[in-house]
Amino acid sequence: SYQVHQQMSACIVTGCSAGNGLAIARQLLADGHHVIGIDRKAPETDLLEWVFLGDVLDKNLCDSVFDKALSLADGELYLINNAGVTYGEYPQDDMVWDSTLNVNLKAPYQWSRKFSEHVIKKNVREGGIVFIGSLATTMGFPRNPAYQASKAGLTSS
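These numbers come from a predicted model, not from an experiment.

Student: Residue-level account of the overall build of the protein, with values.
Tutor: Scanning the protein from terminus to terminus reveals five helices and five strands. Helices and strands appear in the protein in the N-to-C order β-α-β-β-α-β-α-β-α-α. Its C-alpha atoms give the protein a radius of gyration of 17 Å, near enough to 15 Å, the size a compact globule of 157 residues would have. Referenced to the eigenvectors of the C-alpha coordinate spread, the extents of the protein come out at roughly 70 × 35 × 30 Å. The 157 residues of the protein split such that 41% are buried. For the protein, long-range pairs separated by at least 24 residues make up 61% of all intrachain contacts whose partners lie at least 6 apart in sequence. If you sum the accessible surface of the protein, you get close to 8900 Å²; carbon and sulfur atoms cover 51% of it. Charge separation in the protein, taken as the distance between the mean sites of 13 positive and 17 negative side-chain charges, equals 4 Å.

Now the structure itself:
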């Protein structure tokens, strides 16, 4: 008998434990994709098959996640850079500024660079990268310059 092989893509979702990240992961699962989630804390559900706990700035974590994703992807891989932090105190000190820009801007750059390395090696034949921005980039949120700057950096062209 003739069998059709349905290729499944793998989708890496940073910041998958709650909010937008969890909603994105759930929809990708519902659409039939493998989802590999990353977060500092466990998701609010056991729906996700693969969750890596840790900091998105950890390069070893990034390597491990890509190894898992590529083992599932069959050449089709997507990266959803969703992880982000925001702090409410104002004025914001250097620690808040550095932490916000590291998680919201530097980490997506590092993950995207790793994705690009795999594209160049031809481990990824189809796929793409998505950056999750914020209304703060166009509307401005009062008293939160680090968050606004980091999200604007993601979405500027």
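Student: So what about unusual backbone geometry? Which residues, and what values?
Tutor: Put simply, tyrosine 90 and proline 91 share a cis peptide bond, and its omega is 0°. Positionally, proline 91 belongs in the loop between β4 (76-81) and α3 (94-120). In the Ramachandran plot, lysine 122 falls in the positive-phi region, its phi being about 65° despite a non-glycine side chain. Its place among the elements puts lysine 122 in the loop between α3 and β5 (126-131). A relative accessible area of 63% means that lysine 122 is categorised as exposed.

Student: Explain the packing of helix α2 (residues 59-73) against α3 to me, and be specific about the residues and the numbers.
Tutor: Running from N to C, α2 and α3 point in directions that differ by 40°, and their axes come no closer than 11 Å. When the interaxial angle is binned, α2 and α3 end up oblique. Crossing geometry of α2 relative to α3 is assigned as right-handed. The segment α2 lies against α3, with Lys59, Leu61, Cys62, Asp63, Val65, Phe66 and Leu70 engaging Gln110, Trp111, Arg113, Lys114, Phe115 and His118. Residues that form the contact of α2 with α3 fall into these classes: seven nonpolar, two polar and four charged.

Student: I'd like a description of the environment of alanine 107, backed by residues and values.
Tutor: Take alanine 107: it is sitting in helix α3. For alanine 107, a relative accessible area of 1% translates into the label buried. On a C-alpha basis, the gap between alanine 107 and cysteine 62 in space is 9.7 Å, while along the polypeptide they are 45 residues apart. Setting aside its immediate chain neighbours within four residues, alanine 107 contacts Val56, Leu57 and Asn102.

Student: Provide a residue-level description of the confidence of the model for the protein, including the pertinent values.
Tutor: On average, residues of the protein score 92 in pLDDT, and 95% of them reach the 70 mark or higher. The least confident element of the protein is helix α4 (residues 136-139), whose mean pLDDT is 81; the most confident is strand β1 (residues 10-14), at 98. Within the model, the stretch residues 1-5 combines pLDDT values under 50 with one contact to residues more than four positions away or in other chains.

The rules behind the values
Residues numbered from 1 in each chain as written. Predicted model: local features only at pLDDT ≥ 70, side-chain atom pairs only at ≥ 80, totals over all residues. Heavy atoms only, no water. Helix = DSSP H or I, 4+ residues; strand = E, 2+ residues; numbered from the N terminus. Rg over C-alpha atoms; globule rule 2.2 N^0.38 Å. Buried < 20%, exposed > 50% of the residue type's maximum accessible area, 1.4 Å probe, protein only. Contact = heavy atoms within 4.5 Å. Areas by Shrake-Rupley, 256 points an atom, 1.4 Å probe, with all protein chains shown as cover. Lys, Arg positive; Asp, Glu negative; His and termini not counted. Charge placed at Lys NZ, Arg CZ, Asp CG, Glu CD. Axes fitted to C-alpha atoms, helices over the stretch in contact; angles between N-to-C directions. Parallel < 35°, antiparallel > 145°, perpendicular 65-115°, else oblique. Left-handed = near helix turned anticlockwise from the far one by under 90°. Nonpolar A, V, L, I, M, F, W, Y, C, P; charged D, E, K, R; others polar. pLDDT = per-residue confidence, 0-100.

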